[in-house]
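A structural walkthrough
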Amino acid sequence: MSNAMQQVRVVVANIVAICRRELQSYFVSPMAYLIAGTFWLLAGFFFVAVLLGPSGLIQQAAQADLQGQQMGITVPPVDVAYQFLQIYLGVLGSLALFILPILSMGLYAEERKRRTLELLATSPVTNWAVAMGKLLAVVIFFATLVFPLMVYQAIALSGSSPPMNPMIMILGHLGLILLAAAILSLGMFISSLTDSTILAAIFTFALVLFLWVIDLVAKSAGGWFGDAIAQLSLLKHYNNLVQGIVDSSSLIVFASFIFLGIFLTAQSIDALRFQRS
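An account of the accompanying structure is given in this report.

About the criteria used
Residues numbered from 1 in each chain as written. Predicted model: local features only at pLDDT ≥ 70, side-chain atom pairs only at ≥ 80, totals over all residues. Heavy atoms only, no water. Helix = DSSP H or I, 4+ residues; strand = E, 2+ residues; numbered from the N terminus. Buried < 20%, exposed > 50% of the residue type's maximum accessible area, 1.4 Å probe, protein only. Contact = heavy atoms within 4.5 Å. Areas by Shrake-Rupley, 256 points an atom, 1.4 Å probe, with all protein chains shown as cover. Expected span 1.5 Å × (residues − 1). Bend = angle between axes of the 7 residues up to and from the residue. Core = buried A, V, L, I, M, F, W, Y, C linked by side-chain atoms within 4.5 Å. Salt bridge = Lys/Arg side-chain N within 4 Å of Asp/Glu carboxyl O.

What about the overall build of the protein chain?
Secondary structure assignment for the protein chain yields 12 helices and zero strands. Along the protein chain, helices (α) and strands (β) appear in the sequence α-α-α-α-α-α-α-α-α-α-α-α when read from the amino end. A total of 277 residues make up the protein chain; the buried ones form 43% of that total. The long-range fraction of contacts in the protein chain, counting pairs at least 24 apart against all pairs at least 6 apart in sequence, stands at 77%. Carbon and sulfur atoms make up 71% of the accessible area of the protein chain, which amounts to about 14,400 Å² in all.

Concerning helix H2 (residues 30–52)
Working note: α-helix, 3.6 residues per turn, so residues spaced by three or four point in the same direction. When the terminal C-alpha atoms of H2 are compared, their 32 Å separation across 23 residues agrees well with the 33 Å that a helix rising 1.5 Å per residue should span. Of all the residues in H2, the buried ones are Ala32, Ile35, Ala36, Phe39, Ala43, Phe47, Val50 and Leu51.

Re the environment of Ser268
Mapped onto the elements of the fold, Ser268 is located in helix H12 (residues 248–276). By relative accessible area, Ser268 is classed as buried at 11%. Through-space distance from the C-alpha of Ser268 to that of Asn127 is 9.2 Å; in sequence the pair is 141 residues apart.

Notes on helix H9 (residues 197–221)
The terminal C-alpha atoms of H9 lie 35 Å apart, and with 25 residues this matches the ideal 36 Å at 1.5 Å per residue to within 8%. Of all the bends in H9, the greatest, near 45°, is centred on Val213. Listed as buried for H9 are Thr197, Ala200, Ala201, Thr204, Val208, Leu211, Trp212, Ile214, Asp215 and Ala218. Gly222 lies just past H9 and shows a positive phi near 70°.

Here we look at the nonpolar core
The biggest cluster of nonpolar side chains holds 68 residues, and the ones touching the most others in it are Leu92, Leu103, Phe142 and Leu234. Here this core takes 14 residues from helix H4 (residues 80–104), the largest share from any one element. Each residue touching Phe142, except ones within four places of it in the same chain, is listed here: Phe39, Ala96, Leu100, Leu103, Leu176, Ile177 and Ala180.

Notes on the pattern of salt bridges
Per the stated rule, a full pass over the model turns up two salt bridges. In this structure, Glu22 engages Arg21 in a salt bridge whose closest nitrogen and oxygen atoms are separated by 2.8 Å. A residue is classified by how much of its surface remains accessible, and Glu22, at 8% relative accessible area, is buried. A relative accessible area of 40% means that Arg21 is categorised as partly exposed. Glu22 is the salt-bridge partner of Lys134, the closest N and O atoms lying 3.0 Å from each other. Here Glu22 lies in helix H1 (residues 2–26) and Lys134 lies in helix H7 (residues 127–157), a separation of 112 residues in the sequence. The same class applies to Lys134 and to Glu22, which are both buried. The network of salt bridges with shared partners includes Arg21, Glu22 and Lys134.

Laid out in structure tokens, this is it:
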């Protein structure tokens, strides 16, 4: 029992050490700052456009109320905060489709390019620990991009009437983090297959786009086959969480994609280790 606990501590220590090293590399990388700046700039633009723009939700609610007064009818109250959260998190999910492949493209491709992947493959640290450490680091980095957005959303919507349930906002952003972890995990596997960061980003984007729109294919197919492939749709399961629906199937799907990416990455590095031996 003590030996098993000792092995667990060693694995956790290795994961934390790799995660720390990867995080340090992000915060000294000009590319990481460029990605963060671009993401925040676009997120801020859409925040203003969706909520405060000429065709934004506040303007639409005001126009509907004014028309109701002019026609002498009572207009039902509009839950602007909830509608905004649905739309804005949908926008952030779409932005993530472009940002996340760029974040994942160098997780292993850079190691291949620098000829250091062989050192990782032959090191005493298990491939699972390396993959989990790298994935944890990039997910934490993405979470640091999302957290400021969540703060100013909470500030902007704090005076909404009716008041918004904070758990809906938390669950929606948790869904965004889970979506990111699933995409980054699959992107990490693709990155382990090539030494070209550009190819890794392109193939990751193509795969994620397919998993994003597969719901449309499922609706066209219909029947049991359509129902089956609809369960692979990232968009469907992300929307469930954004709407505040805690669906165990959605959590299982995201966890499955995360595990699949880590498993395939470990197998890919194992194959490299076998070739070198």
